[in-house]
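Residues per chain are reported as follows:
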Amino acid sequence: MCTIFYCFAFSLTLFNAAVDLISFSNILFGIYPPLFVVLLIYSIGGTAISVFLGRGLVTLNFLQEKKEADFRYGLVRVRENAESIAFYSGEESEMQLLLQRFKSAFENLTELLIASRNLDFFTSGYRYVIQVLPAAVVAPMYFSGKIEFGVINQSVSAFNHILGDFSLIVYQFQAISAFSAVINRLGEFDDILDRSSSNSLTDTLEDISITYKDFRSSSALESNGSTPPEKYATLLEVEDLILKTPSESTLIRDLSLTIKEKDNLLVMGPSGSGKTSFLRAMAGLWKTGTGKITYYVKGGEDLEQSISADVNTPSVNIAHDAYKEHRKYLGRKSGIFFLPQRPYMVLGTLRQQLLYPTWADDVVPTSDSTNQKNVLPFLTNMPNSDNMNDKPMKPTTDELIKVLEDVRLGYLLARFSLDSTHEWSSVLSLGEQQRLAFARLLLSKPQLALLDESTSALDEANEIHLYQQIGAANITYVSIGHRSSLYAYHNRVLRISTFNTNNEQLNWCIEPTTPESSLNFTNL
């Protein structure tokens, strides 16, 4: 915002200087042409000296922005991880790191002040000389009687006007250097975005493809005319999925599987084998690799066409818009819910924590209606009619209280009301945050839930209780876990091992958790 304001202000200054220069140049040149030549030489010389004295200001301003940002980031990091630092007794180490960053910013600021001081000394002298220079040049003509005394005042006034126009760089050098530093930082940011967009374009055909098809029953495909077995709808298909790291190291090779209703899948494997990357790929957050992921959702045909158009259309803007549409569709329309290991706590009330993200638009407070006419259009929270039609009915207060009881967080209501605002990531323990995330899941009632070690901070009793709750809600889920007690709440296990480049065998296998589940799912 400040950058736009400064661009506008500087443009007006340039325009005013141009008009002023045209107006007074004829007057000064008509009074005494040599005075105009002296003005040009003086202004060009002053500009050159200013550029010489302030040549390092752009770099110093750029570094100052960077070093101050690094210091602020360090402070925020310490605040967010204060408990972990205290457990490690790392206060002295963190203090030294912060002092080092502060010292770096302070030393750069010292150099910046010295350079600014030298430039200010020159600029002040430059302004004072202007007061006597035109009079000194025109004085011989006055004493010889060629001009009157009033002409001296007229020439001094015209000289000051024109010199101010020519000396715009001298007077505005510090502001220009600070503005250039900001432009350089924005330029670097824009270059990174351009490189990211160009890489996305080049790798479009190699990315993991995520498509959506209309919700259907698999029995329509599997029935051979005899009495069909119990019907379970297909929710997810993964075909020939290859997951890679950004450095092109393979994590998973040629993974194919199908998830149907009530077909709960447990993903297990050693750390670094690609379990979380697999869930990220299904959530659309991991693009490195190849393969196809198909979701079967209600009314999914339109989005499938838009994603396909994105793949075949060489346009950065279309790709970006399609990705945003995919993310919005995945979370709000397709009935797919992702639970990370560390839940995100929004800034707001306990009610907002529970309603996030499905009904987040409904609980954001808006400003007084009497002041709405003074609010910019893009700052106004406009409801999306598509989202309102697709998301379930907003839970009542009684339902919110019940879901807290269901996840064993009812005791929070004795400490806080639903409309009390706190820093919930600090007030609630990680285990309480994970149970709150399950409350969001139970309220949203999605078709499919993707759980990334979402019970890692819970004891086994609470973990089992939460899986029983989402099972009772008929929510199909794919979860990452390590405890053998989870076998009872999953039908199959996807075991992923660390990929070995010297081994041609697949580094994954799918097996039933119990013989009974094996018999059940052969008939799906």
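Below, the structure is looked at part by part.

Quick look at the overall build of the protein chain
A tally of regular secondary structure across the protein chain gives 20 helices and 13 strands. Considering only intrachain contacts with a sequence separation of at least 6, the fraction spanning at least 24 residues in the protein chain is 75%. Carbon and sulfur atoms provide 57% of the accessible area of the protein chain, an area that totals close to 29400 Å².

As for the nonpolar core
Counting 36 residues, the largest nonpolar core has L354, L436, F438, L441, L451 and I470 as the members making the most contacts within it. Looking at this core, the elements with two or more residues in it are β5 (265-268), β7 (336-339), α12 (350-355), α15 (397-406), α18 (430-444), β10 (448-452) and α19 (460-472). Of the residues forming this core, the biggest block, seven residues, is contributed by α18. Those residues within four positions of L451 in sequence are excluded, and the remaining contacts are L279, L339, F438, L441, Y467, I470, Y477, V478, S479 and I480. I208, A281, M282 and I336 belong to the second largest nonpolar core, which has 30 residues in total.

Re the pairing of strand β3 (residues 233-244)
Along β3, nine of the twelve residues are buried, which leaves the element largely enclosed by surrounding structure. Counted along the chain from β3 to the antiparallel partner strand β4 (residues 250-260), the turn is five residues long, and its residue E248 has a positive phi close to 75°. Examined bridge by bridge, β3 and strand β6 (residues 289-297) share six bridges and lie antiparallel to one another. Residue pairing across strands places I242 opposite T290, the latter belonging to β6.

So, the environment of G431
Position of G431 among the secondary structure elements: in helix α18. G431 gets classed as buried once you look at its relative accessible area, which sits at 10%. When the C-alpha positions of G431 and L458 are compared, they lie 5.3 Å apart, and in sequence the two are 27 residues distant.

Examining the packing of aromatic side chains
Aromatic rings in a pair are described by how distant their centres are and how their planes are angled relative to each other. Enumeration over the complete set of coordinates arrives at eight aromatic pairs. Ring geometry for Y467 versus Y477: centroids 5.3 Å apart, planes at 55°, classification tilted. One end of the pair, Y467, is in helix α19; the other, Y477, is in strand β11 (residues 476-480), with ten residues separating them in the sequence. The pair formed by Y467 and Y477 is uniform in burial state, with each residue classed as buried. Ring geometry for Y467 versus Y489: centroids 6.3 Å apart, planes at 20°, classification stacked. Note that Y467 is positioned in helix α19 and Y489 in the loop between β11 and β12 (492-496), a separation of 22 residues in sequence.

Some remarks on the sheet that holds β10
Spatially, β7-β10-β11-β5-β12-β13 is the arrangement adopted by the six strands of the open sheet, whose pairing is mixed. The strands lining the two open edges of the sheet, one partner per strand, are β7 and β13 (508-512). The mean inter-strand angle of the sheet, taken between neighbouring strand axes irrespective of direction, is 15°. In the sheet, β10 pairs with β11 via five bridges, with the strands oriented parallel. Counted as the bridge partner of L448 is T476 from β11.

Focus on the pattern of salt bridges
All told, the structure shown has eight salt bridges when counted by the stated rule. Here R483 makes a salt bridge to E463, at a shortest N to O gap of 3.1 Å. In this pair, R483 sits in the loop between β11 and β12 while E463 sits in helix α19, placing the two residues 20 residues apart along the sequence. Its relative accessible area of 25% is what places R483 among the partly exposed residues. E463 sits in the buried class, given a relative accessible area of 3%.

Structural notes on the environment of T501
Inspection of the secondary structure puts T501 in the loop between β12 and β13. Sequence separation of T501 and S249 is 252 residues, and the distance between their C-alpha atoms is 9.2 Å.

Considerations on the packing of α15 against α18
The relative placement of two packed helices comes down to the angle between their axes together with the axis-to-axis distance. Where α15 contacts α18, the axes come no closer than 9 Å and their chain directions differ by 130°. Considered as vectors, α15 and α18 are oriented oblique to each other. As for how α15 packs across α18, the hand of that crossing is right-handed. Residues E399, L400, V403 and L404 of α15 lie in contact with α18, whose contacting residues are L436, A439, L442 and L443. Broken down by class, the residue content of the contact of α15 with α18 amounts to seven nonpolar, no polar and one charged.

As for α15
Of the residues making up α15, those classed as buried are L400, V403 and L404. The buried residues of α15 all sit within an arc of 105° when viewed along its axis, so they share a single face. Turned more than 90 degrees off the buried face of α15, the exposed positions are D398 and K402. Here the buried face of α15 lies against α12, α16 (412-415) and α18.

Observations regarding the packing of helix α3 (residues 57-80) against helix α5 (residues 91-143)
Running from amino to carboxyl end, α3 crosses α5 at an angle of 155°, the nearest separation of the two axes being 9 Å. As far as their axial angle goes, α5 and α3 are roughly antiparallel. In the crossing of α3 with α5, the sense of the turn from one axis to the other is left-handed. For the contact of α3 with α5, the class distribution of residues is 14 nonpolar, six polar and six charged.

Considerations on a negative patch on the surface
Residues E188, D190, D191 and D194 make up a contiguous surface patch of negative charge. Mapped onto the elements of the fold, D190 is located in helix α7 (residues 168-202). Owing to a relative accessible area of 40%, D190 belongs among the partly exposed residues under this scheme.

Here we look at unusual backbone geometry
With glycine set apart, most residues show a phi of negative sign, and most peptide bonds adopt trans. Along the chain, Y356 connects to P357 via a cis peptide bond; the corresponding omega equals -5°. For E248, which is not a glycine, the phi torsion comes out positive at approximately 75°. Relative to the assigned elements, E248 resides in the loop between β3 and β4. Exposure remark for E248: the relative accessible area of 51% places this residue in the exposed category. For E453, which is not glycine, the phi torsion reads 50° and is therefore positive. Along the chain, E453 falls in the loop between β10 and α19. Taking the relative accessible area as the measure of exposure, E453 reaches 17% and is therefore buried.

So, how was this worked out
- Residues numbered from 1 in each chain as written.
- Predicted model: local features only at pLDDT ≥ 70, side-chain atom pairs only at ≥ 80, totals over all residues.
- Heavy atoms only, no water.
- Helix = DSSP H or I, 4+ residues; strand = E, 2+ residues; numbered from the N terminus.
- Contact = heavy atoms within 4.5 Å.
- Areas by Shrake-Rupley, 256 points an atom, 1.4 Å probe, with all protein chains shown as cover.
- Core = buried A, V, L, I, M, F, W, Y, C linked by side-chain atoms within 4.5 Å.
- Buried < 20%, exposed > 50% of the residue type's maximum accessible area, 1.4 Å probe, protein only.
- Pairing = 2+ DSSP bridges.
- Phe/Tyr/Trp six-rings, centres within 6.5 Å; stacked < 30°, edge-to-face > 60°.
- Axes fitted to C-alpha atoms, helices over the stretch in contact; angles between N-to-C directions.
- Salt bridge = Lys/Arg side-chain N within 4 Å of Asp/Glu carboxyl O.
- Parallel < 35°, antiparallel > 145°, perpendicular 65-115°, else oblique.
- Left-handed = near helix turned anticlockwise from the far one by under 90°.
- Nonpolar A, V, L, I, M, F, W, Y, C, P; charged D, E, K, R; others polar.
- Arc of directions from axis to C-beta.
- Patch = residues over 30% accessible without salt bridge, like charges linked within 9 Å, V, L, I, M, F, W, Y side chains within 5 Å.
- Lys, Arg positive; Asp, Glu negative; His and termini not counted.
- Charge placed at Lys NZ, Arg CZ, Asp CG, Glu CD.

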